[in-house]
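Residue-level structure breakdown
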Amino acid sequence: MLTLHHLNDSRSQRILWLLEELGTPYELKRYQRDAQTRLAPPELKAVHPLGKSPVITDGDVRSAESAAIVDYIIRRYGQGNGKPAMMPAPGGAEYEAYYEWLHYSEGSAMLPLMLNLYVSRLKEAGAPLHPRIESEIANHLGYIEGALGMREFFVGSSLSGADIQMSFVAEVARSFGKLAAYPNFAGWLTRMHARPAFKRSVEKGGAYRLAG
């Protein structure tokens, strides 16, 4: 059986949400961050050398990269009506857009948000970097806002892995107070968090600070 090694308040929440959306049988192993350092516990090192979460194990498969995990779960367990659920059929423009969003989340969008987190901890020493970081955050959030427009989902007319991946970007941006100026993206996140499967994922995974 597929096992999700789940760290509280982490990117792992979206994998748990995906599993709940698909109704895939899975085993959940929970890990807690250190209350002072907020670091993952050393037990995760025994699962994957990076000691990070999410990590899935499924027979001989072990993966610790969010986009790869989303892609694997949907291809392996998302079959329905003769084609994969939660992803467009390969070969068309929608599939290429889907694949781009799947990797854009961590490949581009999260970088300035993480820089904002770490540089903020430098206090005055980090002040010279803030204008550039703020500019990059605005650049990416503006791009997402325009691309999403009034669409209900990022790709197509139903939930896909692209929405699962982009949820963490929206959650972190909101936690920094950056989302209010982007109503399309903010409204999309509200709709995602209202989904029954997302609510179940929080109930099963434990308190999630970024749930709002």
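Throughout what follows, the structure given in this document is the object of discussion. (Residues numbered from 1 in each chain as written. Predicted model: local features only at pLDDT ≥ 70, side-chain atom pairs only at ≥ 80, totals over all residues. Heavy atoms only, no water.)

1. Some words on helix α6 (residues 183–193)
Inspection of α6 places N184, F185, W188, L189, M192 and H193 among the buried residues, and these make up the whole buried set. Down the axis of α6, the smallest arc covering the buried residues is 165 degrees, so these residues share one side. Away from its buried face by more than 90 degrees, α6 exposes P183 and T190. Packing partners of the buried residues in α6 comprise α1 (12–22), α4 (130–148), α5 (161–175) and α7 (196–205). (Buried < 20%, exposed > 50% of the residue type's maximum accessible area, 1.4 Å probe, protein only. Helix = DSSP H or I, 4+ residues; strand = E, 2+ residues; numbered from the N terminus. Arc of directions from axis to C-beta. Contact = heavy atoms within 4.5 Å.)

2. Looking at the pairing of strand β3 (residues 55–58)
As paired strands, strand β1 (residues 3–7) and β3 are joined by 3 bridges and run antiparallel to one another. Its bridge partner lying in β3, L4 is registered against I56. Across 3 bridges, the pairing between β3 and strand β4 (residues 61–63) is antiparallel. Pairing of I56 across the sheet is with S63, part of β4. The antiparallel pairing of β3 with β4 creates a hairpin that spans 2 residues between the two strands, and G59 there sits at a positive phi of about 65 degrees. (Pairing = 2+ DSSP bridges.)

3. Concerning α5
It helps to recall that an α-helix has 3.6 residues per turn; residues three or four apart then point in one direction. If you check α5, its first and last C-alpha atoms are 22 Å apart, about what 15 residues at 1.5 Å a residue would give, namely 21 Å. The sharpest bend along α5 reaches about 25 degrees and sits at S167. Phi for G177, located one or two positions after α5, is positive at around 75 degrees. (Expected span 1.5 Å × (residues − 1). Bend = angle between axes of the 7 residues up to and from the residue.)

4. As for the packing of aromatic side chains
Evaluated as defined, the whole model comprises 10 aromatic pairs. Ring centres of W17 and F198 lie 5.6 Å apart, and the angle between their planes is 90 degrees; this geometry places the pair in the edge-to-face category. Within this pair, whereas W17 is found in helix α1, its partner F198 is found in helix α7, the two being separated by 181 residues in sequence. Residue class for F198 comes out buried when judged on its relative accessible area of 4%. Pairing F154 with F185 gives two aromatic rings, centres 6.1 Å apart and planes at 90 degrees, and the pair type is edge-to-face. Taken together, the residues F154 in the loop between α4 and α5 and F185 in helix α6 connect sequence positions 31 residues apart. What links up through ring pairs into an aromatic cluster is the set W101, Y104, Y143, F154, F185 and W188. The ring of Y77 has R76 sitting right over it, with the charged end atom 4.7 Å from the ring centre. (Phe/Tyr/Trp six-rings, centres within 6.5 Å; stacked < 30°, edge-to-face > 60°. Lys NZ or Arg CZ within 6 Å of the ring centre and 35° of its normal.)

5. A word on the packing of α1 against helix α2 (residues 66–77)
Any two packed helices are characterised by the angle at which their axes cross and by the distance between the axes. Interaxial distance between α1 and α2 falls to 10 Å at its minimum, and their mutual angle equals 10 degrees. When the axis of α1 is compared with that of α2, the two are roughly parallel. Contacts between α1 and α2 involve R14, I15, L18, L19 and L22 from the former and S66, I69, V70, I73 and I74 from the latter. When grouped by side-chain class, the residues that make up the contact of α1 with α2 number 8 nonpolar, 1 polar and 1 charged. (Axes fitted to C-alpha atoms, helices over the stretch in contact; angles between N-to-C directions. Parallel < 35°, antiparallel > 145°, perpendicular 65-115°, else oblique. Nonpolar A, V, L, I, M, F, W, Y, C, P; charged D, E, K, R; others polar.)

6. Overview of the packing of helix α3 (residues 93–120) against α4
Orientation of α3 relative to α4, taken along the N-to-C sense of each, is 150 degrees, at an axis distance of 10 Å. Here α3 is positioned roughly antiparallel relative to α4, judged by the angle of their axes. The two elements α3 and α4 meet at a crossing, and its hand is left-handed. Contacts from E100, W101, Y104, S108, A109, P112, L113, L115, N116, V119 and S120 in α3 reach H130, I133, E134, E136, I137, H140, Y143, I144 and A147 in α4. For the contact of α3 with α4, the class distribution of residues is 12 nonpolar, 5 polar and 3 charged. (Left-handed = near helix turned anticlockwise from the far one by under 90°.)

Spatial relationships are all this shows, so hold off on functional conclusions.
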